[in-house]
Amino acid sequence: MQWAAFILAALGFAYLPGPAMLYTAAQTLGRGRRAGWLAVMGVHMGCYVHVVAAALGLALLFAAIPPAYIAMKIIGGLYLLWMGLRLWQQGIRAHGDEVPLATTKRVLRDSFLVEVLNPKTALFFVAFLPQFVQPESAMPVAWQLLWLGIATNALFSSADVVVVLLASPLREWLQKSHGSSRLIQRFGGGVLMGLGGNTLAQAAR
C-alpha cells in the first residue's frame, strides 16, 4: 500500500506540466529528436545530484539558508536565458535531426547543469520523499530516501520521454508542411528564455 501510494503520487507530479517538460520540448523542437533524448538524459543524470543530496540531508541547506536558494535560482535563470538566446540565434542545418558532435556534448552538458542548478528540485525531494519513509523498517532512512529518489527520478524521466515522442513528429510535420525550421528553432529558444526570465522573476520577489 505504501509503494502504491508513492507511485501514484509521484506519477501525479511527474506528468503535471512543468519546467522540465517545457525544457525538453524546447530542445526537441529547436534541435531535433536526438537533442530531445540528450536533454532527457542530461536532466535525468542531473536529478541524481538532488537525490543524493536529499538522502544525505544536504538539500536542507536551501531551507535553512535562503540566500543560497536565491543564488541558485539566479544562476539557473541566467543559464537558461543564455541557452535560449544561443538557440534563437543558431541556424538549423538541412538535416535538422542530425546534431553535430560538439552540439551533442553541449546539449547533454547544458541539460545536466540546468537540473543541478534548479533548487526547486532539491526542495521537492526534501518535502516529498520523507512522506513515504518508514522509520521502523530495517533499511536505514538514508537508503530509503535514496531508493525513493531513484524511483521518482525514473518516473519523472518517463514523462520527459513522452514529451520527446510527441514533440518530435510535431517538429517534422511543421518542417514538411510549412518549411518553418527557423521559426521552430526560435520558438524553442523563446521557451528557454521564458523559463529563464520566469526563474529570475521568482528570485527577485
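The rules we used
Starting from 1, residues in each chain are numbered consecutively following that chain's sequence as written. Predicted model: local features are reported for residues with pLDDT of at least 70 only, side-chain atom pairs are reported and counted for 80 or more only, and whole-chain, interface and lining totals are derived from all residues. Computation of side-chain values covers all heavy atoms of the structure but excludes hydrogens and water. Criterion for a salt bridge: a side-chain nitrogen of Lys or Arg within 4 Å of a carboxyl oxygen of Asp or Glu. Think of it this way: any DSSP run of H or I at least four residues long counts as a helix, any run of E at least two long counts as a strand, and we number them from the N terminus. Ring pairs shown here join Phe, Tyr and Trp side chains whose ring centres sit within 6.5 Å, with only the six-membered ring taken for Trp; geometry is labelled stacked below 30 degrees between planes, edge-to-face above 60, and tilted in between. Three labels apply to residues, based on accessible area from a 1.4 Å probe with only protein chains included: buried if under 20% of the type maximum, exposed if over 50%, partly exposed otherwise in between.

Taken as a whole and assessed by the stated rule, the structure comprises two salt bridges. One salt bridge connects arginine 109 with aspartate 110, and the closest N-O pair in it is separated by 3.0 Å.

Now for the environment of leucine 174. Tracing the chain through its elements places leucine 174 in helix α8 (residues 141-178). Taking the C-alpha atoms as reference, leucine 174 lies 9.7 Å from leucine 29; in sequence the two are 145 residues apart.

The tally for this structure, following the rule as stated, stands at ten aromatic pairs. Ring centres of tyrosine 79 and tryptophan 82 lie 5.7 Å apart, and the angle between their planes is 35 degrees; on these two criteria the pair is classed as tilted. Pair noted here: tyrosine 79 and tryptophan 82 are both in helix α5 (residues 66-89), with a separation of three residues, about one helical turn. In this structure tyrosine 79 comes out as buried when scored by relative accessible area, which is 16%. The class of tryptophan 82 is partly exposed, set by a relative accessible area of 42%. Measuring from centroid to centroid gives 5.7 Å for phenylalanine 124 and phenylalanine 156, while their planes differ by 65 degrees, and the two rings are edge-to-face. With phenylalanine 124 in helix α7 (residues 119-128) and phenylalanine 156 in helix α8, this pair connects stretches of sequence that are 32 residues apart. The exposure class of phenylalanine 156 is partly exposed, given its relative accessible area of 25%.

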